[in-house]
Amino acid sequence: MTDALPGSIRRLSEEECWELVDAATVGRVGFVADGDVKIIPINYMVDVDVIIRTLPDGIIAKVAGTRVTFEVDYHSPEGAGWSVLMHGPLKALPEDEAVMVERWNRVLPWAGGNRSLFLSFTPDSIDGRRVARHRN
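These remarks concern the structure in this document. Bear in mind that the values here come from a model prediction, so they are computed numbers and not experimental data.

Analysis parameters
Residues numbered from 1 in each chain as written. Predicted model: local features only at pLDDT ≥ 70, side-chain atom pairs only at ≥ 80, totals over all residues. Heavy atoms only, no water. Patch = residues over 30% accessible without salt bridge, like charges linked within 9 Å, V, L, I, M, F, W, Y side chains within 5 Å. Areas by Shrake-Rupley, 256 points an atom, 1.4 Å probe, with all protein chains shown as cover. Salt bridge = Lys/Arg side-chain N within 4 Å of Asp/Glu carboxyl O. Helix = DSSP H or I, 4+ residues; strand = E, 2+ residues; numbered from the N terminus. Buried < 20%, exposed > 50% of the residue type's maximum accessible area, 1.4 Å probe, protein only. Phe/Tyr/Trp six-rings, centres within 6.5 Å; stacked < 30°, edge-to-face > 60°.

This part covers a nonpolar patch on the surface. Taken together, the side chains of Val32, Val37 and Ile39 make up a nonpolar region of the molecular surface, amounting to roughly 320 Å² of accessible area. Locating Ile39 in the fold gives a position in strand β3 (residues 36-47). Overall, Ile39 belongs to the exposed group, its relative accessible area being 57%.

Here it is as structure tokens:
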């Protein structure tokens with residue numbers, strides 16, 4: 001079954017989570033910085049891991065080498081939706097791997113600036129839900 005029944009929540013398999021994340025291009029990275037929780041929207045692509053392109057001196061670059069949370073979701077006006085939540089390490093891609101990613105035009109950041117740093121997010125925890133609101 002691919003959809004949740006009205007008024008229900010259905011847990012997604014890891015494979016379903018990856019399919020949904022791969023089909024989208026905007027997610028959120030969550031982390032703690034300066035004692036506060038930060039949640040930053042980002043463009044991304046999936047190539048085995050989640051690949052993020054960011055500013056070399058930006059806030060996301062500063063958390064490379066740490067564990068972060070990555071979230072992607074969708075909801076329709078009719079009340080159906082899904083959410084995928086992942087946790088794991090965020091690391092800078094080695095230059096030889098980043099050069100390969102730069103050839104792909106799927107990750108075009110919405111924000112301006114020199115987003116020349118490629119980061120790789122490798123989840124070690126994946127959880128997802130599909131929901132459907134019950135309407136009277």
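For the rest of this paragraph, the subject is the packing of aromatic side chains. Using the criterion set out here, one finds two aromatic pairs in the structure. Plain terms: the ring middles of Tyr44 and Phe70 are 5.0 Å apart, the flat faces sit at 85° to each other, and that makes the pair edge-to-face. Here Phe70 lies in strand β5 (residues 67-75) and Tyr44 lies in strand β3, a separation of 26 residues in the sequence. Tyr44 sits in the buried class, given a relative accessible area of 0%. Residue Phe70 is classed as buried on the basis of its relative accessible area of 1%. Ring centres 5.8 Å apart and planes at 45° place the aromatic pair Phe70 and Phe121 in the tilted group. Taken as a pair, Phe70 in strand β5 and Phe121 in strand β7 (residues 117-121) lie far apart in primary sequence, 51 residues in all. Members of the aromatic cluster, joined through ring pairs, are Tyr44, Phe70 and Phe121.

Keep in mind these values describe shape, not function.
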